[in-house]
Amino acid sequence: MKGWQTRAPLAGHGHFSRLWRGAALAALLPVAAAQQAADGGALPGVTVRATAGAASGDSPLVPSAPRERRRLARIAGGTALALPQDEGRLTGLRDALGVQPGVIVQDLFGGFDAPRLNVRGSGLQSHPVNRGVTLLLDGLPLNDADGTYVSGLADPRNTAQISIRRGANARSPAGESLGGEMDFQSLTGYDGRGLARLQAGSFGRRAWQAALGAASAESGLDARVSFSGERYRGFRHHSDGQRKSVQANAGWRGAGGLESRLWLGWTDLGYRIAGPLPPGRAYGDPSQVLGDGNTPRDRLLNLYQRNPHRNARQWRAASRTSWGGERLRHELGLWWQHTDVQEQNMVRAALWSARTRGVQWQSFFTPSAAWRWRLAAAWERSDTGRDFHSIQPRTGALLQRFGSFDLMAENARASAGLDVDVAPGWTLTADLRITRSRRNAQSRTSAAAQRQSWRYATPKAGLIWRPRADLRLFANLSRSHEAPTFTDLVTGSVAANNPARAATALARLGMQRATTVEAGAEGRLGGPGQAWDARWQLALYRSAIRGELLRTADASGLQASTRNYAGGTRHQGLEAGMEGRLRLPEGWPGGAFDWRAAWTWSDYRFRGGPLAGKRIAGAPRHFIQAELLWRAGGWRAGPTLLWQPLNEYVDHANTPGYAQRRYALLGLRAEYRRGPWRVQVRGENLTGRRYVSTFVVADRANPGINLFPGSGRSVTVSVSREF
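Residues numbered from 1 in each chain as written. Predicted model: local features only at pLDDT ≥ 70, side-chain atom pairs only at ≥ 80, totals over all residues. Heavy atoms only, no water.

**Student:** I tried to follow the overall build of the protein chain on my own but got confused; where do I start?
**Tutor:** A count of helical and extended segments in the protein chain gives 9 helices and 37 strands. Relative to its length of 723 residues, the protein chain is compact, with a C-alpha radius of gyration of 25 Å against a globular reference of 27 Å. In terms of principal-axis extent, the alpha carbons of the protein chain reach across some 70 × 55 × 50 Å. Counting all 723 residues of the protein chain, 58% fall into the buried class. Within the protein chain, counting contacts between residues at least 6 apart in sequence, those at least 24 apart form 67% of the total. (Helix = DSSP H or I, 4+ residues; strand = E, 2+ residues; numbered from the N terminus. Rg over C-alpha atoms; globule rule 2.2 N^0.38 Å. Buried < 20%, exposed > 50% of the residue type's maximum accessible area, 1.4 Å probe, protein only. Contact = heavy atoms within 4.5 Å.)

Here it is, written out as structure tokens:
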């Protein structure tokens, strides 16, 4: 993106290109070794198959959709599995997840921005640094130890599948938030020898990917490396961005069930921030930004001059080693990541460098077919240096540093779980996690300091009933906990009309705690070989929350703060989804219809306190996604729908007259496959509807409410070839 690196460079940026070249060379070495085996070198007998799970011998460290579905079926709660490689355009989190019940992704301006991710209302107002959901990369946390994550650092183009475990249904030692966890599982050398992909679309979208992979059945070695890049000019002014990524992994399988896999990754993400608009301009000319007009607010907060933007770069190394057999298996995971972030809004910049490392051990013991034990222990720590700077209003350059902090977050966890088949078709599940969390902050420029720690237990009990092979019913009762992040605890504020008036603050916040009851079912209608074949799922939940962490902005939308709401809150909702295929009678044009649909109903309210009975702003009450594709030979094509059918309050006070208007977006998906070639077309908002995708949440709205317009009509074409 022109100018963003030199506007306010991150410390140490000069050596990133050298490190990138070194990482690329290192990543290619294991692939070259495996390919040498394929070509008759020292490691003979390469086997490349369409299904990674079959080629890898059902390895626990290699993604397999059938195995993951079996694993999710043993969880007494709402889960799902997303397959990003079937989605076509893979720019961000919304593209990768596809149509999923219970998961709401709201883009801010359709580029590389970190979208607002909502799962059961967890971390609902957090942005641009998200919290409330645990993101995993290949089973190990992507979140820093304080709970924050940057979703753009996960590369959907290199992801085989995303395992979604909503709410207390998380199974990793780190997953204890209200929103649950999502595990991004990478493609491996068993997924093909190579891939080339090109993509072009509206608003200057250009993307490419090149990947090499190989696997040796005799030696047990496999490796894959992926290089990708993307640029985007943006639908709105001042919203261009770029992303570059290198992802590599190598695996080895030995005798006696011993196997190990190493992952290496580097991601460089940067984009300009278009910012919110008042209602008249958000719906009148959504491509505008502040600075395109001549109002006092445009002159004060001119984005072209202040240049709000966000840069993030991350190095990551991780490994998992598994040994044992079906009766007793152990697994050890290690991870390290270094993340540099520069987040600059219209009045201040926050620059931080976080170093995170962790270790995770798990054991799985199956003494009999009816008893299955799980034991785990994990430790993680992040050390972060964070600086705050004022912004020069006319150039966007950094002015004085008005705050500098050393931050430390640490978590230690131990957990035990048990599944017992108490009767034919009946399974009782129980889990208990014990956690100790610490959050320490120390100013480098003053005596200001804060130390907080929490010790807590997170239990869960569930029941699964399978009255027949194609029907599963479940219920569970659980607790969840979320400690505040450093985005909540350490804040910086600057007066828009006077950069010299700047200050930092340390907020002392408590733990968010919730008790949740959930019930649901999933099943199958019809089956393979029948005209009708469909899978469906349904989950209902109700959470009583104490001390919910609410992040709200002031009237200007520039300064935000977090508090624990003392009056108690309640989250409840319904998550429903269905996907399937209807085979057409012989003689009809085409062979079948494929469809997917998801409906998420959310009812979040304040129970007591000054806002008792009001709706918690930030989440649509109804969120509906659907698609219907006609299939004929190598072709699939049909319409898509994204629908928010009700107007939504933009503030917690539910002020009449201020709302995010309802909208429906019509789109198109088309795909053609022939041999190794694949062409995909995706159209969005084809009617050119002007709408607001999300907004800055405030306690009480005013005429200058801050709305983020959604993207206009767009088409993206992707062409790929496998080798």
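After presenting the structure, the write-up continues.
**Student:** How should I be thinking about the pairing of strand S22 (residues 498-506) in this particular structure?
**Tutor:** Looking down a regular strand, the side chains alternate between one sheet face and the other. Two strands pair when backbone bridges link them, and strand S21 (residues 490-495) and S22 are joined in this way by 6 bridges, in the antiparallel orientation. Among the inter-strand pairings, Val490 is bridged to a residue of S22, identified as Leu506. (Pairing = 2+ DSSP bridges.)

**Student:** Could you clarify how one ought to interpret the environment of Ser353 in this entry?
**Tutor:** Topologically, Ser353 is positioned in strand S15 (residues 348-368). The spatial distance from the C-alpha of Ser353 to the C-alpha of Tyr304 is 27 Å, given a sequence separation of 49 residues. Among the polar contacts made by the side chain of Ser353, one reaches the side chain of Asp340 at a distance of 2.7 Å. (Polar contact = N/O pair within 3.5 Å; in protein donor to acceptor, adjacent residues only side chain to side chain.)

**Student:** Can you walk me through a nonpolar patch on the surface in this structure?
**Tutor:** A grouping of Trp252, Leu258, Trp323, Leu332, Leu334, Val359, Trp361, Leu375 and Trp379 is seen on the molecular surface, where their side chains present a nonpolar patch of about 720 Å² in accessible area. Elements that contribute at least two residues to the nonpolar patch include exactly strand S14 (328-344), S15 and strand S16 (371-391). Here Val359 is to be found in strand S15. Residue Val359 is classed as partly exposed on the basis of its relative accessible area, which comes to 30%. (Patch = residues over 30% accessible without salt bridge, like charges linked within 9 Å, V, L, I, M, F, W, Y side chains within 5 Å. Areas by Shrake-Rupley, 256 points an atom, 1.4 Å probe, with all protein chains shown as cover. Salt bridge = Lys/Arg side-chain N within 4 Å of Asp/Glu carboxyl O.)

**Student:** Any chance you could explain the packing of aromatic side chains here in plain terms?
**Tutor:** What describes a pair of aromatic rings is the distance from one ring centre to the other and the angle between the planes of the rings. For the structure on display, the rule yields 9 aromatic pairs. Ring plane angle 15° and centroid distance 5.1 Å describe the contact between Trp426 and Trp465, whose orientation is recorded as stacked. In this pair, Trp426 sits in strand S18 (residues 426-443) while Trp465 sits in strand S19 (residues 449-468), placing the two residues 39 residues apart along the sequence. You can call Trp465 partly exposed: its relative accessible area is 34%. One aromatic cluster is present, built from ring pairs that chain together Phe388, Phe402 and Phe405. (Phe/Tyr/Trp six-rings, centres within 6.5 Å; stacked < 30°, edge-to-face > 60°.)

**Student:** For this particular structure, what's the right way to read the pattern of salt bridges?
**Tutor:** Where charged atoms from two side chains of opposite charge approach closely, those side chains can pair. Summed over all chains, the structure comprises 57 salt bridges. The salt bridge involving Arg329 is made with Glu331; its shortest N-O contact spans 3.4 Å. The shortest N-O distance in the salt bridge between Glu671 and Arg678 comes to 3.2 Å. Shared partners join several salt bridges into a network, and the residues in it are Asp86, Arg581, Asp594, Arg631, Arg636, Glu671, Arg673 and Arg678.

**Student:** Looking at this structure, I do not really get the side chain of Glu648. What am I missing?
**Tutor:** Tracing the backbone through its elements, the reader meets Glu648 in strand S31 (residues 648-649). Classification of Glu648 by relative accessible area gives buried; the value is 5%. Separated by 2.9 Å, the side chain of Glu648 and the backbone nitrogen of Arg621 make a polar contact. Sequence-distant contacts of Glu648, that is, excluding residues within four places in its chain, are made with Ala619, Pro620, Arg621, His622, Tyr658, Ala659 and Gln660.

**Student:** Got a minute to help me understand the pairing of S19 in this structure?
**Tutor:** Sheet topology places S18 next to S19; 17 bridges connect them, and they run antiparallel. In the sheet register, Asn440 faces S19, and the bridge partner there is Arg451. In this antiparallel pair of consecutive strands, S18 and S19, the connection spans 5 residues. Relative to strand S20 (residues 471-482), S19 runs antiparallel, the two being bridged by 7 bridges. Directly across from Lys460, in S20, lies its bridge partner Ser478. Hairpin connection of S19 to S20: 2 residues between the antiparallel strands.

**Student:** Is there a simple way to think about helix H4 (residues 65-72) in this case?
**Tutor:** Note that an α-helix has 3.6 residues per turn; residues three or four places apart therefore point the same way. Restricting attention to buried positions, one finds in H4 the residues Ala65, Arg67, Glu68 and Leu72. Along the long axis of H4, the arc covered by the buried residues comes to 160°, so they all point the same way. Tucked into the core, H4 has its buried residues touching strand S1 (79-82), strand S6 (159-166), strand S7 (180-186) and S20. (Arc of directions from axis to C-beta.)

**Student:** Just to check I follow, could you spell out the nonpolar core for this structure?
**Tutor:** Among the nonpolar cores identified, the biggest contains 46 residues, and Val490 and Leu707 are the most heavily contacted of them. At the level of secondary structure, the elements contributing two or more residues to this core comprise strand S12 (259-272), helix H6 (279-284), S15, strand S17 (398-423), helix H9 (486-489), S21, strand S35 (692-695) and strand S36 (707-709). Looking at this core element by element, the count peaks at 4 residues for S17. Sequence-distant contacts of Val490, defined by excluding residues within four places in its chain, comprise Arg386, Phe388, Phe405, Leu407, Ala441, Ala505 and Leu506. With 19 residues, the next largest nonpolar core counts Leu93, Tyr149, Ile162 and Met182 among its residues. (Core = buried A, V, L, I, M, F, W, Y, C linked by side-chain atoms within 4.5 Å.)

**Student:** What is the right way to look at the confidence of the model for the protein chain in this model?
**Tutor:** Averaged over every residue, the pLDDT of the protein chain is 89; the share at 70 or more is 91%. Here residues 1-51 is a poorly scored stretch, pLDDT under 50, and it has 100 contacts once near neighbours within four places are set aside; other chains count. (pLDDT = per-residue confidence, 0-100.)

**Student:** How should the sheet that holds S6 be read in this particular structure?
**Tutor:** In any sheet, the strands associate via hydrogen bonds between backbone groups, in a parallel or an antiparallel arrangement. Strand order in this open sheet of 5 strands is S1-S6-S7-S4-S5, and the pairing throughout is mixed. Of all the strands in the sheet, just S1 and strand S5 (140-141) have a single pairing partner and so form its edges. With 2 bridges joining them, strand S4 (residues 134-137) and S5 adopt antiparallel strand pairing. Among the inter-strand pairings, Leu137 is bridged to a residue of S5, identified as Leu140. Contacts between H4 and the sheet are confined to S1, S6 and S7, with S6 contributing the most and set at about 5° to the helix. (Axes fitted to C-alpha atoms, helices over the stretch in contact; angles between N-to-C directions.)

**Student:** It is not clear to me how the side chain of Asp268 should be interpreted in this structure. Could you clarify?
**Tutor:** Within the fold, Asp268 resides in strand S12. With a relative accessible area of 2%, Asp268 lands in the buried category. Within polar-contact distance, the side chain of Asp268 engages the side chain of Arg313 at 3.5 Å.

**Student:** I keep staring at the environment of Leu72 and nothing clicks. Help me out?
**Tutor:** Relative to the elements of secondary structure, Leu72 occurs in helix H4. Between the alpha carbons of Leu72 and Leu61 there is a distance of 16 Å; along the sequence they are 11 residues apart. When near neighbours in sequence (up to four residues on either side) are disregarded, Leu72 contacts Thr79, Ala80, Leu81, Ser163, Arg165 and Arg472.

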